[in-house]
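Examination of the molecular architecture
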Amino acid sequence: MANNERIDAMKIMSAKIRIETIHQMTEIGFGHIGGSMSIADVLGVLYGGVMRLEPENPGWKDRDYLVCSKGHAGPAVYAALALRGYFPMDWLKTLNLPRTNLPSHCDRLRTPGIDMTTGSLGQGLSAAAGIALGNRIDNRDNYTYAIMGDGECEEGQIWEAAMTAGHYRLSHLIAFVDYNGMQIDGPVEMVNNITNFAERFSAFRWHAQEVDGHNVAAIDEAITKAKAVEDKPSVIVLKTVKGQGCAYVVSMSYNHHIPMPKDKLEESLRILEAEVKSYAGR
Ligand SMILES: Cc1ncc(C[n+]2csc(CCOP(=O)(O)OP(=O)(O)O)c2C)c(N)n1
Ligand SMILES: [Mg+2]
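Residues numbered from 1 in each chain as written. Chains lettered and ligands numbered in written order. Predicted model: local features only at pLDDT ≥ 70, side-chain atom pairs only at ≥ 80, totals over all residues. Heavy atoms only, no water.

1. Observations regarding the sheet that holds strand S7 (residues 207–212)
- Across the sheet, five strands lie side by side as S2-S3-S4-S8-S7; this open sheet has parallel pairing. Two strands close off the open sheet at either side, each with one partner strand: strand S2 (65–68) and S7. Sheet twist, expressed as the mean angle between neighbouring strand axes with direction ignored, is 20°.
- Inspection of the sheet shows strand S4 (residues 173–179) paired to strand S8 (residues 234–239) by six bridges, in the parallel sense. Across the sheet, Phe 176 pairs through a bridge with Ile 236, a residue of S8.
- Running over the sheet, helix H9 (residues 216–228) touches strand S3 (144–149), S4, S7 and S8 and is turned about 170° from S7. (Pairing = 2+ DSSP bridges. Helix = DSSP H or I, 4+ residues; strand = E, 2+ residues; numbered from the N terminus. Axes fitted to C-alpha atoms, helices over the stretch in contact; angles between N-to-C directions. Contact = heavy atoms within 4.5 Å.)

Right under this line is the structure:
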């Protein structure tokens, strides 16, 4: 596949993830839309071309793994998994309902394709480091990806995991920080001003890059560079906007977990559908 086709496929995947995430939340009437939309592009890159997967065989041991450590963004991951055929699209109508397979936060025992249960913030990088180390011990060449929130990175356990992954030189661990500047209680810099993620991870012997988290070509290129690093884990800091792709959500001062009335989301859906058509028609 030519590179521009690959990038267009990723852009289509990102737009479809946004569309299906909005549908899931308007169906139930509320949701963690802000932090789901901010990772739609990195998910589009991962599930739209980068990850080695067999959706018909979610337990395949040589697959690439994803730990969505900011587990409240589960709906965006469910959208990606459904679009890749892990389960029927119909399941997306059951987000967070009684007896659903799609709880609001990721649960590896409930959803095919979810590799780690998350929701209690701060734990996912440790799990991802363990998965990457285990796979290396088993002589596998697969990659483990982790997505963390910027607010989440205020948890001390993230830095224990960072230290351990650096020590073990886990070159097949690639982590992302969704640097959207916001958390549940407001701006990250006001809650506990953690900045310079790249510098911090570098101090723990990681390879670090910073990219525009809504530029799929830049994310794809950063992952290629990360894979070329042979003796260190990699972090890619994604500069993002909480709610990206949904003007109604971006315009709000609080958009972490909000009501999702169908009529307010129609315009965003129309724009996203048009995006899909324009990339598909090139
Ligand atoms: C250990 C823990 N403490 C608190 C919470 C409550 N909580 C849920 S989301 C959130 C904010 C997370 O902010 P961030 O990591 O920046 O995520 P994003 O901006 O992507 O939504 C908090 C504090 C939690 N889920 N787990
Ligand atoms: Mg955040």
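Now that the structure has been shown, we can carry on.
2. Comments concerning the layout of surface pockets
- Of the pockets and cavities examined, the largest pocket occupies roughly 290 Å³.
- The wall of the largest pocket is formed by 19 residues, among which His 72, Leu 121, Gln 183, Ile 184 and His 256 lie closest to the centre.
- Grouping the amino acids of the lining of the largest pocket by side-chain chemistry returns three nonpolar, nine polar and seven charged.
- Quantified by volume, the second largest pocket comes out at close to 220 Å³. (1 Å grid on protein atoms, 1.4 Å probe; cavity = no way out; pocket = protein on both sides within 12 Å on 5 of 7 lines; lining within 4 Å. Points joined across faces, edges and corners; volume = space filled by probe spheres on them. Nonpolar A, V, L, I, M, F, W, Y, C, P; charged D, E, K, R; others polar.)

3. Focus on the coordination of the magnesium ion (ligand 2)
- For the magnesium ion (ligand 2), every protein donor is listed as Asp 150 (OD), Asn 180 (OD1) and Met 182 (O), and the spread of their distances is 2.0 to 2.2 Å.
- Taken in chain order, the donor set of the magnesium ion (ligand 2) reads D-x29-N-x1-M. With Asp 150 in the loop between S3 and helix H6 (156–167) and Met 182 in strand S5 (residues 182–183), the pair connects residues that are 32 residues apart, well separated along the chain.
- The exposure class of Met 182 is partly exposed, given its relative accessible area of 25%. (Donors = N, O, S within 2.8 Å, 3.2 Å for Na, K, Ca; no water. Buried < 20%, exposed > 50% of the residue type's maximum accessible area, 1.4 Å probe, protein only.)

4. Remarks on the pattern of salt bridges
- Going through the model one piece at a time under the given rule, you end up with 10 salt bridges.
- A salt bridge links Asp 62 to Arg 140; the shortest N-O distance between them is 3.0 Å. Remark: Arg 140 occurs in the loop between helix H5 (124–137) and S3 and Asp 62 occurs in the loop between helix H3 (40–50) and S2; sequence separation between them is 78 residues.
- Given the relative accessible area of 25%, Arg 140 is considered partly exposed.
- In this structure, the salt-bridge partner of Asp 107 is Arg 110, at a minimum N-O distance of 3.9 Å. (Salt bridge = Lys/Arg side-chain N within 4 Å of Asp/Glu carboxyl O.)

5. Quick notes on the pairing of S2
- Alternating residues of S2 divide into Tyr 65 and Val 67 and Leu 66 and Cys 68, and every residue in both groups is buried.
- Note: S2 against S3, four bridges, orientation parallel. Considered in S3, the bridge of Leu 66 is made with Tyr 145.

6. What about empty space enclosed by the protein?
- Under the definition given, this model contains two cavities of 30 Å³ or more.
- In this model, the largest cavity occupies a volume close to 60 Å³.
- Surrounding the largest cavity, Ile 28, Phe 30, Gly 31, His 32, Pro 75, Leu 95, Asn 96, Ser 104 and His 257 form its lining.
- Of the residues belonging to the lining of the largest cavity, the class tally is four nonpolar, five polar and no charged.
- Taken together, Tyr 47, Met 51, Leu 53, Pro 58, Arg 63, Asp 64, Leu 66, Tyr 86, Gly 113 and Asp 115 make up the lining of the second largest cavity.

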